[in-house]
Amino acid sequence: MVRQLYALFIVLTLTLLLTSQAYSLWYGKLRANFTVSVGELDVKIGSYKIISCCQCSHECPETYSSSANLSPNGKRLTIIFESVYPEWKSYIGIIITNDGTLPAKLKSVNVNIIEDSEILNSFHYEVMYLGPYNKGDFARTVWSNIKCCDDLESLSSTSPPITFYPSQKIIAWIELGIDENCTKENNTLELEITLKYVGGW
(Lines give C-alpha, C1' and ligand atoms only; values in the text may rest on other atoms or scores of the structure.)
Protein backbone atom coordinates (compact mmCIF):
# COMPACT_ATOMS: atom_id res chain seq x y z
CA MET A 1 0.00 0.00 0.00
CA VAL A 2 2.80 2.35 0.95
CA ARG A 3 4.59 1.52 -2.28
CA GLN A 4 1.49 2.34 -4.29
CA LEU A 5 1.08 5.70 -2.51
CA TYR A 6 4.75 6.45 -3.04
CA ALA A 7 4.51 5.57 -6.74
CA LEU A 8 1.39 7.73 -7.07
CA PHE A 9 3.20 10.63 -5.39
CA ILE A 10 6.13 10.26 -7.80
CA VAL A 11 3.82 10.16 -10.82
CA LEU A 12 1.90 13.26 -9.66
CA THR A 13 5.13 15.14 -8.97
CA LEU A 14 6.56 14.30 -12.39
CA THR A 15 3.28 15.21 -14.07
CA LEU A 16 3.23 18.57 -12.30
CA LEU A 17 6.84 19.32 -13.28
CA LEU A 18 6.31 18.34 -16.89
CA THR A 19 3.08 20.32 -17.12
CA SER A 20 4.71 23.50 -15.74
CA GLN A 21 7.64 23.10 -18.14
CA ALA A 22 5.30 22.60 -21.09
CA TYR A 23 3.21 25.62 -20.07
CA SER A 24 6.27 27.87 -19.80
CA LEU A 25 7.44 26.78 -23.26
CA TRP A 26 3.94 27.30 -24.71
CA TYR A 27 3.60 30.74 -23.08
CA GLY A 28 7.05 31.79 -24.27
CA LYS A 29 6.17 30.91 -27.84
CA LEU A 30 2.94 32.89 -27.68
CA ARG A 31 4.58 36.14 -26.68
CA ALA A 32 4.78 38.53 -29.62
CA ASN A 33 6.38 41.90 -30.27
CA PHE A 34 4.27 44.54 -32.03
CA THR A 35 5.51 47.64 -33.84
CA VAL A 36 3.03 50.46 -34.38
CA SER A 37 3.91 53.00 -37.03
CA VAL A 38 2.15 56.37 -37.09
CA GLY A 39 1.76 58.28 -40.35
CA GLU A 40 2.87 61.88 -40.84
CA LEU A 41 0.49 64.81 -41.37
CA ASP A 42 2.44 67.44 -43.31
CA VAL A 43 0.60 70.17 -45.21
CA LYS A 44 2.51 73.23 -46.41
CA ILE A 45 2.68 76.06 -48.92
CA GLY A 46 4.82 74.69 -51.73
CA SER A 47 5.08 77.83 -53.86
CA TYR A 48 3.37 81.17 -54.46
CA LYS A 49 2.95 84.02 -56.91
CA ILE A 50 1.76 87.63 -56.62
CA ILE A 51 -0.32 89.35 -59.28
CA SER A 52 -0.96 93.06 -58.82
CA CYS A 53 -3.83 94.29 -60.97
CA CYS A 54 -2.31 97.74 -61.47
CA GLN A 55 0.76 96.16 -63.08
CA CYS A 56 -1.43 94.52 -65.73
CA SER A 57 -2.93 97.89 -66.63
CA HIS A 58 0.37 99.78 -66.13
CA GLU A 59 -1.26 102.08 -63.57
CA CYS A 60 0.83 101.31 -60.49
CA PRO A 61 2.37 104.25 -58.62
CA GLU A 62 6.12 104.53 -59.11
CA THR A 63 6.64 103.74 -55.42
CA TYR A 64 4.49 100.59 -55.52
CA SER A 65 6.23 97.28 -54.82
CA SER A 66 5.65 93.88 -53.29
CA SER A 67 7.90 91.31 -51.64
CA ALA A 68 7.33 87.93 -49.99
CA ASN A 69 9.03 85.49 -47.66
CA LEU A 70 8.05 81.83 -47.24
CA SER A 71 9.10 80.25 -43.93
CA PRO A 72 11.55 77.30 -44.23
CA ASN A 73 8.88 74.81 -43.11
CA GLY A 74 6.33 76.18 -45.59
CA LYS A 75 3.75 76.92 -42.90
CA ARG A 76 3.72 80.72 -43.16
CA LEU A 77 3.94 83.21 -46.04
CA THR A 78 4.65 86.85 -45.23
CA ILE A 79 3.98 89.49 -47.89
CA ILE A 80 4.64 93.25 -47.86
CA PHE A 81 2.96 95.66 -50.27
CA GLU A 82 4.32 99.20 -50.41
CA SER A 83 2.22 102.20 -51.47
CA VAL A 84 -1.21 100.61 -51.68
CA TYR A 85 -4.06 103.04 -52.26
CA PRO A 86 -7.90 103.28 -52.38
CA GLU A 87 -9.42 100.69 -54.77
CA TRP A 88 -6.13 98.81 -54.94
CA LYS A 89 -6.49 95.10 -55.79
CA SER A 90 -4.06 92.22 -55.95
CA TYR A 91 -4.05 88.41 -55.98
CA ILE A 92 -1.81 85.97 -54.17
CA GLY A 93 -1.70 82.43 -55.53
CA ILE A 94 -0.44 79.55 -53.39
CA ILE A 95 0.05 75.85 -54.10
CA ILE A 96 -0.83 73.85 -50.98
CA THR A 97 0.85 70.45 -50.92
CA ASN A 98 0.23 67.30 -48.90
CA ASP A 99 3.80 66.11 -48.29
CA GLY A 100 2.85 63.69 -45.53
CA THR A 101 1.74 60.06 -45.57
CA LEU A 102 -1.82 60.67 -44.34
CA PRO A 103 -4.85 62.26 -45.98
CA ALA A 104 -5.48 65.85 -44.86
CA LYS A 105 -8.49 68.12 -44.77
CA LEU A 106 -7.87 71.79 -45.60
CA LYS A 107 -10.31 73.90 -43.60
CA SER A 108 -9.21 77.40 -44.56
CA VAL A 109 -6.47 79.76 -45.71
CA ASN A 110 -6.11 82.54 -43.16
CA VAL A 111 -4.95 86.07 -43.99
CA ASN A 112 -3.97 88.39 -41.16
CA ILE A 113 -2.66 91.95 -41.18
CA ILE A 114 0.56 92.22 -39.19
CA GLU A 115 0.49 95.09 -36.69
CA ASP A 116 -2.27 97.70 -36.49
CA SER A 117 -2.37 99.07 -39.98
CA GLU A 118 -4.20 102.36 -40.54
CA ILE A 119 -6.08 100.74 -43.42
CA LEU A 120 -7.33 97.76 -41.41
CA ASN A 121 -10.99 98.81 -41.67
CA SER A 122 -10.70 99.29 -45.43
CA PHE A 123 -8.99 95.98 -46.15
CA HIS A 124 -10.85 92.90 -47.40
CA TYR A 125 -9.97 89.53 -48.89
CA GLU A 126 -11.62 86.49 -50.41
CA VAL A 127 -10.16 83.03 -51.06
CA MET A 128 -10.89 80.87 -54.11
CA TYR A 129 -10.01 77.16 -53.75
CA LEU A 130 -9.25 74.86 -56.70
CA GLY A 131 -8.60 71.13 -56.63
CA PRO A 132 -7.44 68.80 -55.33
CA TYR A 133 -5.08 67.87 -58.16
CA ASN A 134 -2.82 64.87 -58.56
CA LYS A 135 0.89 65.44 -58.98
CA GLY A 136 1.60 67.29 -62.20
CA ASP A 137 -1.97 67.60 -63.46
CA PHE A 138 -3.01 71.00 -62.11
CA ALA A 139 -3.40 72.54 -65.52
CA ARG A 140 -1.98 75.74 -66.87
CA THR A 141 -5.46 77.24 -66.81
CA VAL A 142 -5.39 77.50 -63.01
CA TRP A 143 -1.74 78.35 -62.39
CA SER A 144 0.98 78.93 -64.99
CA ASN A 145 -1.29 80.71 -67.48
CA ILE A 146 -2.53 83.16 -64.83
CA LYS A 147 -0.68 86.39 -65.58
CA CYS A 148 -3.21 89.13 -64.82
CA CYS A 149 -6.28 89.60 -62.65
CA ASP A 150 -8.67 89.14 -65.58
CA ASP A 151 -7.37 85.59 -66.07
CA LEU A 152 -8.96 84.55 -62.76
CA GLU A 153 -12.51 85.58 -63.58
CA SER A 154 -13.52 82.34 -65.32
CA LEU A 155 -12.30 79.95 -62.60
CA SER A 156 -14.79 78.04 -60.43
CA SER A 157 -14.07 77.68 -56.74
CA THR A 158 -14.46 74.62 -54.49
CA SER A 159 -15.83 75.09 -50.98
CA PRO A 160 -13.74 73.92 -48.01
CA PRO A 161 -13.18 71.70 -46.18
CA ILE A 162 -11.34 69.88 -48.95
CA THR A 163 -9.84 66.42 -48.39
CA PHE A 164 -6.62 65.69 -50.28
CA TYR A 165 -4.29 62.73 -50.19
CA PRO A 166 -0.49 62.39 -50.06
CA SER A 167 1.16 64.03 -53.12
CA GLN A 168 -2.04 65.86 -54.05
CA LYS A 169 -2.23 69.65 -54.25
CA ILE A 170 -4.79 72.41 -53.77
CA ILE A 171 -4.46 75.81 -55.41
CA ALA A 172 -5.76 78.87 -53.59
CA TRP A 173 -6.08 82.33 -55.13
CA ILE A 174 -6.53 85.10 -52.56
CA GLU A 175 -8.09 88.34 -53.76
CA LEU A 176 -6.92 91.33 -51.71
CA GLY A 177 -8.45 94.77 -51.86
CA ILE A 178 -8.66 98.23 -50.32
CA ASP A 179 -12.07 99.90 -50.28
CA GLU A 180 -12.64 103.13 -52.18
CA ASN A 181 -13.59 104.89 -48.94
CA CYS A 182 -10.01 104.60 -47.67
CA THR A 183 -8.70 108.15 -47.25
CA LYS A 184 -5.00 107.32 -47.02
CA GLU A 185 -2.56 106.99 -49.90
CA ASN A 186 0.85 105.28 -49.99
CA ASN A 187 0.03 102.74 -47.28
CA THR A 188 2.21 99.80 -46.32
CA LEU A 189 0.31 96.54 -46.03
CA GLU A 190 2.04 93.56 -44.38
CA LEU A 191 0.18 90.25 -44.40
CA GLU A 192 0.70 86.80 -42.94
CA ILE A 193 -0.87 83.79 -44.67
CA THR A 194 -1.27 80.51 -42.80
CA LEU A 195 -3.17 77.24 -43.33
CA LYS A 196 -5.77 75.61 -41.10
CA TYR A 197 -6.00 71.85 -41.62
CA VAL A 198 -6.65 68.57 -39.80
CA GLY A 199 -6.24 64.89 -40.56
CA GLY A 200 -8.58 63.86 -43.36
CA TRP A 201 -9.57 60.40 -42.11
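Quick look at the structure, then. The shown structure was predicted, so the numbers you read here are calculated from the model rather than taken from an experiment.

### Looking at the overall build of the protein
Scanning the protein for helices and strands turns up 2 helices and 9 strands. Taken from N to C terminus, the helices and strands of the protein fall in the order α-β-α-β-β-β-β-β-β-β-β. Residues counted as buried form 37% of the 201 residues belonging to the protein. At a minimum sequence separation of 6, the contacts of the protein that also span at least 24 residues come to 83%. As presented, the protein carries roughly 12,700 Å² of accessible surface, and 52% of it is formed by carbon and sulfur atoms.

### Regarding the state of the cysteines
For the structure shown, the criterion picks out 2 disulfides. The disulfide partner of cysteine 53 is cysteine 149, and the S-S distance across this bridge is 1.9 Å. Across the disulfide from cysteine 53 to cysteine 149, rotation about the S-S bond amounts to roughly -100°, and the bridge is consequently left-handed. Taken together, the residues span a long stretch of sequence, with cysteine 53 in helix H2 (residues 53-56) and cysteine 149 in the loop between strand E6 (123-133) and strand E7 (162-164) at a distance of 96 residues. We classify cysteine 53 as buried; its relative accessible area is 16%. Disulfide pairing places cysteine 54 opposite cysteine 60 at an S-S distance of 1.8 Å.

### Let's talk about the sheet that holds strand E4 (residues 89-98)
Backbone-to-backbone hydrogen bonds pair the strands of a sheet. The strands run either parallel or antiparallel. Pairing in this open sheet of 4 strands is antiparallel, and the strands run E1-E4-E8-E6 from one edge to the other. Strand pairing shows two members of the sheet lacking a second neighbour, strand E1 (43-52) and E6, which therefore form its edges. Strand-to-strand twist across the sheet, computed as the mean angle between neighbouring axes with direction ignored, equals 20°. Looking at chain direction, E1 and E4 are connected through 9 bridges and run antiparallel. Of the residues in E4, the one forming a bridge with isoleucine 45 is isoleucine 96.

Cut-offs used in this document
Residues numbered from 1 in each chain as written. Predicted model: local features only at pLDDT ≥ 70, side-chain atom pairs only at ≥ 80, totals over all residues. Heavy atoms only, no water. Helix = DSSP H or I, 4+ residues; strand = E, 2+ residues; numbered from the N terminus. Buried < 20%, exposed > 50% of the residue type's maximum accessible area, 1.4 Å probe, protein only. Contact = heavy atoms within 4.5 Å. Areas by Shrake-Rupley, 256 points an atom, 1.4 Å probe, with all protein chains shown as cover. Disulfide = S-S within 2.5 Å. Pairing = 2+ DSSP bridges. Axes fitted to C-alpha atoms, helices over the stretch in contact; angles between N-to-C directions.

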